[in-house]
Amino acid sequence: MSSLTWHKVATKHDLKENRVKSVSCGTQSICLTHYKNQFAALDNRCPHQGGPLGDGSIENGMLRCPWHGWDFDPITGKPPGGYDDGIATFALELRGDDIYVGVEDAKKPEPTVGDVMIETMVNWGIKHVFGMVGHSNLNLAEAIRLQENHLNYYGIRHEGAASFACSAYGKLTGKPAACLTIAGPGATNLLTGLWDAHVDSAPVLALTGQIPSKLIGRGAFQEVDLSKAFGQVATWTADLTHASNYPELMTLACKHAIVKQSVSHLVFPDEIPGIACTQKADTPSGRITSKSVSPDPATIHEASTRIAQAKRPVIIMGYGARFHKNSIIELATTLRCPVLTTFKGKGLIPDSHPNGCGVLGRSGTPIASWFMNESDLLIVLGSSFSNHTGITDKKPIIQVDIDPMQLGRFHKVDIPVWGDLGVAVSMFKEQLQGNISNQEQVTEIAERWTLWRKEKKQREQEDFNNGISSATLFASLTKLIPDDAIIPVDVGNNAYSFGRYFECTHQAILMSGYLGSIGFALPAALGAWAATTEQDSPFYQKPVVSISGDGGFAQYMAEITTAVQCRMNITHILLNNHSLGKISKEQQLGQWNVWQTDLVNPNFAHYATNCGAQGIHVENKQNLDAAIIEALQYQGPSLVEVMMDPTLL
């Protein structure tokens, strides 16, 4: 026999005659009514389309649904005219002036489709979900809530920030995080961040709600064909049906994201995650293998022979080499040769290392360009040959990559090597042992750094009383940002100056690479911070310092409130020059008029303070170091707004 749990929901004085209101008894929503000196408790959900009856009114003695005007007796819940679609009622007692409603004790819920799928997702190692709870994902959201002991959920303010956060987390760790949205606009808002992940080979799992199955194809409210909308960005996508193998679909989604290092996508029609399910959660056991593919020994021998014969070999390390950087640096030390990085690979070798030469290309150093031009062999490891980097095709090239489609992607290379970078580099070192005749270039690297640092010092002295120069700001950041920080960087002049002036030690750098999307930095900081909460992660408790211009920051500035709400320890450096400075420069170089690039900005430091973060405004370089130190020491989200001279880049 079932028993009732009694909930005090109101007092008699809270609800006047002929009035209704919504109250809650645990998870049961109740429409409380007062009519002809009687109180009643009705199911708050209209049986027609679920309208909240507690938002309705009593008209002519009938309780009227606010959505479609259906009428019910306000005490019994019965409809007029003898229809059979009445409303359930609940026990109600008056105890003095207090109103109590009795609700049957809930039975232990049966596992649902959502429960089984989210448990499978957890079994695959997913630890973080960024998203927005809404009307077409509530069943799925409940399944995520029930896994809070294993999942961290971050409620963002714009779905684009969720996908950027997941992209950054994937770039940093090589593992996927998940983003959750409703149907229609919530799902389509993910697309920019998912494209960022797709083109930069970052694993992400997208979980999008959908309208109810019975409405699909009928042009219903918020209906978008999400499989088609995500068709180009998702490596793998699937729509759930009432007959799906649910744990298998989640397993395939996780496997594709991890193995392909790209975007997987699942579409959840509204009702399906709430259906009872007897299928058992899946695990990755027996479903995945190591990706350590050994290169062809003959190709390795050919490449090693070319390296041994070279007099001035140069290593170019790309973003794809980030998990093998230590073995690559050991090879460079053996060869006594320069190591250049792509912009996405910035920081993979410290600029203080004897073999490090900084970034090659438009965002780079004159040191890197010099050594590429003076080389007689380029050893390109994990780079995709972006035109932004500008790796010359006029030099002999050995290229190594795990993705065979990246080999000779834009032009032929002399020796393409397919295989795991770590394995290939180990094979190079073994074959080159005692067989090296190249010139020692380390002394020349030091000389080139001396020249460049002298030039940077001269640029720091420039001051037109129109704001702080980029050379000055990044000199301070080089000095003050912790060696082990994670640094998400936005797009624009702030990124070019960062690549050119900031000298890395052991920081991890994140950026929107091939997509080059403005607005990346702050959402990326949310994803990076999530990685710092994992005790088994190499990024555990590392500081996060993001950098953007004013144009990029404004795109996702509301995410400061997300950082405050989730108590994220993030420092954001905001370069404010009241313009889209990169675009102004391009207009000037292209001999166009500078047009529509000026920005009207608030005081961003005050804005951060209003959001509950720490905000610091800096207008002169004398206060710069102190402001950065204060922000780095603050326990919580902090923003340093630096007023920049747009001409001193």
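Anything mentioned here points back to the structure above.
Rules used throughout
- Residues numbered from 1 in each chain as written.
- Predicted model: local features only at pLDDT ≥ 70, side-chain atom pairs only at ≥ 80, totals over all residues.
- Heavy atoms only, no water.
- Helix = DSSP H or I, 4+ residues; strand = E, 2+ residues; numbered from the N terminus.
- Contact = heavy atoms within 4.5 Å.
- Pairing = 2+ DSSP bridges.
- Axes fitted to C-alpha atoms, helices over the stretch in contact; angles between N-to-C directions.
- Core = buried A, V, L, I, M, F, W, Y, C linked by side-chain atoms within 4.5 Å.
- Buried < 20%, exposed > 50% of the residue type's maximum accessible area, 1.4 Å probe, protein only.
- Patch = residues over 30% accessible without salt bridge, like charges linked within 9 Å, V, L, I, M, F, W, Y side chains within 5 Å.
- Areas by Shrake-Rupley, 256 points an atom, 1.4 Å probe, with all protein chains shown as cover.
- Salt bridge = Lys/Arg side-chain N within 4 Å of Asp/Glu carboxyl O.
- Arc of directions from axis to C-beta.

Q: Please provide a residue-by-residue account of the environment of glycine 174, values included.
A: Along the chain, the position of glycine 174 falls in the loop between α3 (159-173) and β12 (177-181). Residues glycine 174 and glutamate 586, 412 residues apart in the sequence, show an inter-C-alpha distance of 35 Å. Sequence-distant contacts of glycine 174, that is, excluding residues within four places in its chain, are made with Tyr169, Pro203, Gln261 and Phe323.

Q: How would you explain the environment of serine 285 if you had to name every residue and give the values?
A: You can see serine 285 is positioned in the loop between β15 (263-269) and α8 (297-309). On a C-alpha basis, the gap between serine 285 and asparagine 123 in space is 9.6 Å, while along the polypeptide they are 162 residues apart.

Q: Pulling in residues and values, what's your account of the sheet that holds strand β14 (residues 236-239)?
A: Strand order across the open sheet formed by six strands is β11-β10-β12-β13-β15-β14, with parallel pairing between neighbours. Each having just a single partner strand, β11 (152-155) and β14 make up the two edges of the open sheet. Direction aside, the axes of adjacent strands within the sheet are offset by 20° on average. Note that β12 and strand β13 (residues 204-210) share five bridges and pair parallel.

Q: Give a description of the nonpolar core that names residues and reports values.
A: Residues Leu340, Leu473, Phe474, Leu477, Ile487, Phe498 and Ile573 are the most contacted members of the largest nonpolar core, which totals 50 residues. Broken down by element, this core gets its largest block of residues, five residues, from helix α13 (residues 470-480).

Q: Can you tell me about a nonpolar patch on the surface, naming the residues and giving the values?
A: Residues Val293, Ile402 and Trp418 make up a contiguous nonpolar surface patch of about 250 Å² in total accessible area. If you trace the backbone, tryptophan 418 turns up in strand β21 (residues 415-418).

Q: Tell me about helix α20 (residues 624-633), and name the residues and values.
A: Restricting attention to buried positions, one finds in α20 the residues Leu624, Ala627, Ile628 and Ala631. Burial along α20 is one-sided: seen end-on, the buried residues are contained in an arc of 95°. Exposed and facing more than 90 degrees away from the buried side of α20 are Ala626 and Gln633. Looking at the buried residues of α20, the elements they touch are α13, β25 (570-576), β26 (614-618) and β27 (638-643).

Q: Before we move on, can you summarise the sheet that holds strand β18 (residues 356-359) with the specific residues and values?
A: Read from one edge to the other, the open sheet built from six strands follows the order β18-β17-β16-β19-β20-β21, with strand pairing classed as parallel. Every interior strand has two partners, whereas the edge strands, β18 and β21, have only one. Across the sheet, the mean angle from the axis of one strand to that of its neighbour is 20°, orientation sign disregarded. Examined bridge by bridge, strand β17 (residues 339-341) and β18 share two bridges and lie parallel to one another. What sits directly across from valine 339, in β18, is glycine 356. Contacts from helix α10 (residues 366-373) reach β16 (313-317), β17, β18 and β19 (377-381) within the one sheet, and its direction differs from that of β18 by about 110°.

Q: An account of the pattern of salt bridges is needed here, citing residue identities and associated values.
A: Per the counting criterion, the structure on display carries 21 salt bridges. Here arginine 145 and glutamate 142 are joined by a salt bridge, their closest N and O atoms 2.7 Å apart. Pair noted here: arginine 145 and glutamate 142 are both in helix α2 (residues 138-145), with a separation of three residues, about one helical turn. What makes glutamate 142 partly exposed here is its relative accessible area of 36%. A salt bridge links aspartate 625 to lysine 479; the nearest nitrogen and oxygen atoms lie 2.6 Å apart. With aspartate 625 in helix α20 and lysine 479 in helix α13, the pair connects residues that are 146 residues apart, well separated along the chain.

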